[in-house]
Amino acid sequence: MATTRTPATRRAAIVGGNRIPFARSNSAYAQASNQDMLTATLDGLVARFGLQGQQLGEVVAGAVLKHSRDFNLTRESVLGSRLSATTPAYDVQQACGTGLEAAILVANKIALGQIESGIAGGVDTTSDAPLAVGDDLRRVLISLNNARTVQDRLKALARIRPGQLVPEIPRNAEPRTGLAMGDHAAITAQEWEIGREEQDELAVRSHRNMAAAYDRGFFDDLVTPYLGLTRDNNLRPDSSMEKLATLEPVFGKGEGATMTAGNSTPLTDGASAVLLASDEWAAERGLPVLAHVVDAQTAAVDYVHGGEGLLMAPVYAMPVMLARNGLTLQDFDFYEIHEAFASTVLATLKAWEDPAFCKEKLGLDAPLGSIDRSKLNVNGSSLAAGHPFAATGGRIVAQLAKMLHEAGPGKRGLISICAAGGQGVVAILES
Ligand SMILES: CC(=O)SCCNC(=O)CCNC(=O)[C@H](O)C(C)(C)COP(=O)(O)OP(=O)(O)OC[C@H]1O[C@@H](n2cnc3c(N)ncnc32)[C@H](O)[C@@H]1OP(=O)(O)O
């Protein structure tokens, strides 16, 4: 009898990334669909790495907000792109962790030898958000569609009530609590006593770092112009503490409310994609290897019953991944912590520094400790770029891989992304 294969593992290589400039909701991409943006982003990657007509192992991407017509948005985007139509493709969705989760999935398949190459990505638009009708009207419309006789049609139409005609607009809120993610983050900010000034400082730094990175050409091979944009239109190089101090709180309640439009991510449209491969596949095509995917970990918290803050799951994922790799939180050259809200980044860092929290909640003998803040989000993050939910992971993976490559061999970077639903994804990349 033939023996089955026990796969050896290898590290997946990150060849490079591409994204379109991110656009604030209802601005430059108001008329673009998720499929338009993801297809353009894939084609940018095709152009950058000479993938015209090529069949890749898989393309894995997703969107948090999807129209029902986009039941396999990724496959449709591949069919619309210049990749070979024989490239398998499918959607994944892990809220704001989608792009990173897609990269982990592709990387793991490469690591196991199941595929040699693949693209991971994500896209989202809040400008073209799917509107739904309520359950009652939907049932009427389905029976109307199925009606065979004029009588049946009239019967179905007679069941329609004016109140049913109001569409259901997707809310940026947690279904189980009804609270906006910003309001959840505000509760955590108050629990961890995160001040307004430190949040604003983080926001100003993000804008300045990203603007400087654009100016020195860092994004030239990461961002492809699209629909008239060459840079993220949320980016404010002139961001200042003085201006941010004038903004009124938009999340949280009362005197302690500190979260404003300036230290929160805006609703954003955009797409990103990352090309991953085995070292051999890249070498055969003369393509670069910027970094490798080392490991990843997810976690979830019970924010529904008050067990933990909605966006604090990465705090729990981190020690598990560090322990598995024999690393400490300080063993990294770069930290990419998704800036959903400035307060979330600061609460995350504070939790890792807190001896009581690390002992009681994470079961650690000693706290994970502080990081060198000069290594945090050095080329800007979501507060500056904006945050098209599912596209943020791909932005971060491509950005970090390039930073590691520029820094030279043997450098290590950490990614931490909080996600709706009380989930989080963390990952390690190495050059
Ligand atoms: C896991 C996760 O990632 S969770 C995160 C998921 N994402 C979210 O929840 C999105 C959260 N964001 C939002 O809901 C919205 O963007 C809000 C509520 C924060 C703000 O919405 P809006 O009020 O429409 O913001 P808007 O863009 O108009 O900004 C308000 C003001 O702040 C100003 N502003 C915003 N950012 C800055 C800045 N960096 N510097 C200076 N001014 C700024 C704007 O210019 C505007 O001023 P104006 O009224 O004088 O024009």
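Residues numbered from 1 in each chain as written. Predicted model: local features only at pLDDT ≥ 70, side-chain atom pairs only at ≥ 80, totals over all residues. Heavy atoms only, no water.

Quick reminder of the rule: UniProt positions are given in the numbering used here, feature names are shortened, and annotations may be inferred rather than shown by experiment.
You'll find the chain entered in an unreviewed UniProt entry as Acetyl-CoA C-acetyltransferase, with Blastococcus deserti given as the organism. In the Sequence similarities (unreviewed entry) part of its UniProt record, the chain is described as follows: "Belongs to the thiolase-like superfamily. Thiolase family."

**Some words on the overall build of the chain**
Our working rule: Secondary structure follows DSSP: runs of H or I at least 4 residues long count as helices, runs of E at least 2 residues long count as strands, and numbering of each begins at the N terminus. C-alpha atoms define the radius of gyration in this analysis, and the globule rule sets the expected value at 2.2 Å times the number of residues to the power 0.38. Working rule for contacts: check all heavy atoms of both residues, and any pair within 4.5 Å makes them a contact. Note on areas: Shrake-Rupley, 1.4 Å probe, and residue coverage restricted to the protein chains presented here.
Looking only at helices and strands, the chain features 14 helices and 10 strands. Computed over C-alpha atoms, the radius of gyration of the chain comes to 22 Å, within 12% of the 22 Å expected from 2.2 N^0.38 for 431 residues, which places it in the range of a compact globule. Dimensions of the chain, computed from C-alpha atoms along their principal axes, come out at roughly 75 × 65 × 50 Å. Across the chain, every contact between residues at least 6 apart in sequence was considered, and the portion connecting residues at least 24 apart equals 79%. Summed over its atoms, the accessible surface of the chain is roughly 18,400 Å², and 52% of this surface lies on carbon and sulfur atoms.

**Re the site of the ligand**
To keep it simple, the criterion reads: Throughout, near means a residue has at least one heavy atom within 4 Å of the molecule or strand. Polar contact is the term for a pair of N or O atoms within 3.5 Å; when the atoms are in protein, one must be able to donate a hydrogen and the other to accept it, and sequence-neighboring residues count only if both atoms are side-chain atoms. For this classification, Asp, Glu, Lys and Arg are treated as charged, while Ala, Val, Leu, Ile, Met, Phe, Trp, Tyr, Cys and Pro are nonpolar and the rest, including Gly, are polar.
Lining the immediate surroundings of the ligand are 26 residues, of which Arg24, Asn172, Thr265, His338 and His387 lie closest. Contact distances for the ligand include 3.4 Å between a nitrogen atom and a side-chain N or O atom of Ser239. Between a nitrogen atom of the ligand and a main-chain N or O atom of Thr265, the distance comes to 2.8 Å. A total of 1,000 Å² of accessible area belongs to the ligand in isolation, and the protein chains cover 70% of it. Those elements that provide at least two residues to the shell around the ligand are helix 8 (241-245) and strand 9 (412-419). Here the shell around the ligand is built from residues that sort into 16 nonpolar, seven polar and three charged.

**Concerning the UniProt feature "domain: Thiolase N-terminal" (unreviewed entry) in the chain**
Per the UniProt annotation, the sites labelled "domain: Thiolase N-terminal" (unreviewed entry) are residues 13-279. Counting secondary structure, residues 13-279 comes out at 36% helix and 13% strand; the distance between its end C-alpha atoms is 6 Å.

**A look at the pairing of strand 8 (residues 334-337)**
Successive residues of a regular strand alternate their side chains across the two faces of the sheet. What counts, and what does not: Burial classes follow relative accessibility: with a 1.4 Å probe on protein chains only, a residue under 20% of its type's maximum area counts as buried, one over 50% as exposed, and anything between as partly exposed. Here, a strand pair is defined by DSSP locating no fewer than two bridges between the strands.
Going residue by residue along strand 8, you find Phe334 and Glu336 tucked away on one face and Tyr335 and Ile337 tucked away on the opposite face as well. Bridge count for strand 8 against strand 9 is four bridges, and the pairing is parallel. Bridging from a neighbouring strand, Phe334 pairs with Gly413 of strand 9.

**Details of the environment of Pro319**
You can see Pro319 is positioned in helix 10 (residues 313-324). Through-space distance from the C-alpha of Pro319 to that of Gln297 is 9.5 Å; in sequence the pair is 22 residues apart. With residues near it in sequence (within four places) discarded, Pro319 still touches Leu362, Leu364 and Leu368.

**Things to note about the pattern of salt bridges**
Two side chains of opposite charge can pair, provided their charged atoms sit close to one another. For the record, the criterion: A carboxyl oxygen of Asp or Glu within 4 Å of a side-chain nitrogen of Lys or Arg is what we treat as a salt bridge.
Under the counting rule described, the total for this entry stands at 16 salt bridges. Among the ionic pairs, Glu58 bridges to Lys109, the shortest N-O distance being 2.9 Å. With Glu58 in strand 3 (residues 58-61) and Lys109 in helix 3 (residues 98-111), the pair connects residues that are 51 residues apart, well separated along the chain. Owing to a relative accessible area of 11%, Glu58 belongs among the buried residues under this scheme.

**Quick notes on the environment of Leu157**
The topology assignment puts Leu157 in helix 5 (residues 150-158). Distance in space between the C-alpha atoms of Leu157 and Ser143 is 9.2 Å, their sequence separation being 14 residues.

**Concerning the side chain of Asp269**
Stated precisely, the cut-off is as follows: Think of it this way: Lys and Arg go in the positive column, Asp and Glu in the negative one, and His and the chain ends go nowhere.
Relative to the helices and strands, Asp269 resides in strand 6 (residues 268-277). For the buried Asp269, which has no salt bridge, the nearest side chain bearing the opposite charge is Arg24, at an N-O separation of 9.9 Å. A polar side-chain atom of Asp269 sits 2.9 Å from the main-chain amide nitrogen of Thr126. Not counting chain neighbours up to four residues away, the residues in contact with Asp269 comprise Phe22, Ala23, Arg24, Ser25, Asn26, Tyr29, Met37, Asp124, Thr125, Thr126, Ser127 and Pro388.

**Re unusual backbone geometry**
Its identity is not glycine, yet Ala95 carries a phi of approximately 50°, on the positive side. Summarising the element assignment, Ala95 is placed in the loop between strand 4 (89-91) and helix 3. The exposure class assigned to Ala95 is buried, which follows from its relative accessible area of 11%. The backbone phi angle of Glu193 is positive, close to 50°, even though this residue is not glycine. Mapped onto the elements of the fold, Glu193 is located in the loop between helix 6 (181-191) and helix 7 (196-215). Relative accessible area serves as the criterion here: at 63%, Glu193 is assigned to the exposed category.

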